[in-house]
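One letter stands for each residue in the lines below.
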Amino acid sequence: MGRAGPCVFYPTYSPQGGGTYGAGMTCRWCFSTGTKMTILKDSKQSEKSVQEIQKDDLVLTFNGLNKLFSKVLEIKKNEGAFEFYVFKLMNRTKMNTKSISVTGNHMMIVFGKDQNDIKLKHACQLKVGEFLRTNEGLFEIYEIDKRIMNDSYQIKVENGTVLANDVLVSTIYSEGNCSSKINIKVLDSAKIPIDIKN
């Protein structure tokens, strides 16, 4: 299946108690409950679910080939029922698999078959056969599903990216908007001289 239905830029949301959606976070890119991130605290690395992440935590990401820990500037929980895109990924050489769930409007860092073909696309625009960067190199999207799940989490990270479920994805940048200037910064930090078959 090449796509998981039409592109929905604002996921289903049922506010509890009249809450506002994405207040203070203009991009509204969200992760599902249980998404894992690696943090650094007292010189020790550990894994946390996104719902456990706190402001000022240091989360693992990349800047080119180099791993780094970047500060969480803000995190917000949105209560309600959301439509998530579930991406199943595979390294066809090693037959390793990974998966990640994000809302359809989440900005993803996508590679084509040429390692220099890198762009930002909304999750709902991704297709089977495109590649996402992981902690183990580039993995191919082999299946895309849609699911309704409860609650979503927005995270603003200083570097503009984070390794979530071991997959490099864009987050809301420290400037707090979705401008093309920020998009270029995110793409530059994600570039890697890597063989796509690795």
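For the structure itself, look to the data block above.
We now turn to the structure provided with this report. Sequence order as written defines the numbering, with residues in each chain counted from 1. For this predicted model, a pLDDT threshold of at least 70 governs which residues receive local features, and a threshold of 80 or more governs which side-chain atom pairs are given and counted, while totals over whole chains, interfaces and linings are taken from all residues. To get the side-chain values, all heavy atoms of the structure are used, and hydrogens and water are removed first.

Brief notes about the overall build of the protein chain
Logical step 1: Along its length, the protein chain carries 1 helix and 12 strands.
Logical step 2: Comment: elements are numbered from the N terminus, with helices defined as DSSP H or I runs of at least four residues and strands as E runs of at least two. Ordered by position from N to C terminus, the α and β elements of the protein chain give β-β-β-β-β-β-β-β-β-β-β-β-α.
Logical step 3: Classification of the 198 residues of the protein chain by burial places 50% in the buried group.
Logical step 4: Pairs of residues are marked as contacts when any of their non-hydrogen atoms sit within 4.5 Å. Across the protein chain, contacts joining residues at least 24 apart in sequence account for 63% of those joining residues at least 6 apart.
Logical step 5: Accessible surface area values rest on a Shrake-Rupley calculation with a 1.4 Å probe, where residue burial reflects the displayed protein chains alone. Carbon and sulfur atoms make up 46% of the accessible area of the protein chain, which amounts to about 9100 Å² in all. A simple rule labels every residue: compare its accessible area, found with a 1.4 Å probe on the protein chains alone, to the largest value its type can have, and call it buried under 20%, exposed over 50%, or partly exposed in between.

A word on unusual backbone geometry
Logical step 1: Even without a glycine there, the phi angle at S43 is positive, about 65 degrees.
Logical step 2: Looking at the element boundaries, S43 is found in the loop between β2 (36–41) and β3 (44–49).
Logical step 3: Exposure remark for S43: the relative accessible area of 72% places this residue in the exposed category.
Logical step 4: Residue D56 is not a glycine yet carries a positive backbone phi of 80 degrees.
Logical step 5: Relative to the helices and strands, D56 resides in the loop between β3 and β4 (58–63).
Logical step 6: On the accessibility criterion, D56 (46% relative accessible area) is partly exposed.

A short note on the pattern of salt bridges
Logical step 1: A pairing counts as a salt bridge when a side-chain nitrogen of Lys or Arg comes within 4 Å of a carboxyl oxygen of Asp or Glu. Under the definition given, this model contains 11 salt bridges.
Logical step 2: Close ionic contact of K98 with E136 constitutes a salt bridge, the shortest N to O distance being 2.6 Å. With K98 in strand β6 (residues 96–103) and E136 in the loop between β9 (131–134) and β10 (137–157), this residue pair connects regions lying 38 residues apart in the sequence.
Logical step 3: Classification of K98 as buried rests on a relative accessible area of 14%.
Logical step 4: Here D166 makes a salt bridge to K98, at a shortest N to O gap of 2.5 Å. Of this pair, D166 sits in the loop between β11 (161–164) and β12 (167–170) while K98 sits in strand β6, and the two are 68 residues apart along the sequence.
Logical step 5: If you follow the salt bridges from partner to partner, you end up with K77, E79 and D151 in one network.

Some thoughts on the side chain of D57
Logical step 1: Checked against the element boundaries, D57 lands in the loop between β3 and β4.
Logical step 2: For D57, a relative accessible area of 12% translates into the label buried.
Logical step 3: Here D57 is in contact with K48, E52, S70, K71 and V72, once residues within four sequence places are set aside.

Focus: the environment of N105
Logical step 1: Position of N105 relative to the elements: it lies in the loop between β6 and β7 (107–111).
Logical step 2: As a C-alpha pair, N105 and Y85 span 20 residues in sequence and 9.5 Å in three-dimensional space.
Logical step 3: A distance of 2.9 Å separates a polar atom in the side chain of N105 from a polar atom in the side chain of T103. Between N or O atoms, a polar contact is any pair within 3.5 Å; within protein, one atom must be a potential hydrogen donor and the other a potential acceptor, and residues adjacent in sequence are included only when both atoms are from side chains.

Here we look at the packing of aromatic side chains
Logical step 1: Only the six-membered ring of Trp is used, alongside the rings of Phe and Tyr, when aromatic pairs are assigned; centres must lie within 6.5 Å, and planes under 30 degrees apart are stacked while those over 60 apart are edge-to-face, with the rest tilted. Across all of its chains, the model carries 2 aromatic pairs by this definition.
Logical step 2: A centroid spacing of 6.4 Å and a plane angle of 55 degrees characterise the contact between F82 and F84, whose relative ring orientation is tilted.
Logical step 3: Looking at F82, the relative accessible area reads 0%, which means it is buried.
Logical step 4: Measuring from ring centre to ring centre gives 6.5 Å for Y85 and F87, while their planes differ by 20 degrees; the resulting arrangement is stacked.
Logical step 5: Overall, Y85 belongs to the buried group, its relative accessible area being 1%.
Logical step 6: Distance and angle both matter: a charge sits over a ring if NZ of Lys or CZ of Arg is within 6 Å of the ring centre and within 35 degrees of the ring normal. The lysine or arginine in question, R133, covers the ring of F62, its NZ or CZ lying 3.8 Å from the ring centre.

Some remarks on the nonpolar core
Logical step 1: Buried Ala, Val, Leu, Ile, Met, Phe, Trp, Tyr and Cys residues that are joined via side-chain atoms within 4.5 Å together make up what is termed a nonpolar core. Membership of the largest hydrophobic core comes to 28 residues, with the highest contact counts inside it found for F31, M37, F87, I100, M108, L132 and V169.
Logical step 2: Looking at this core, the elements that each hand over two or more residues are β2, β5 (66–91), β6, β7, β10, β11 and β12.
Logical step 3: With 12 residues, the next largest nonpolar core counts M107, I109, I118 and L138 among its residues.

Honestly, that's just the spatial picture; any functional story needs more than this.
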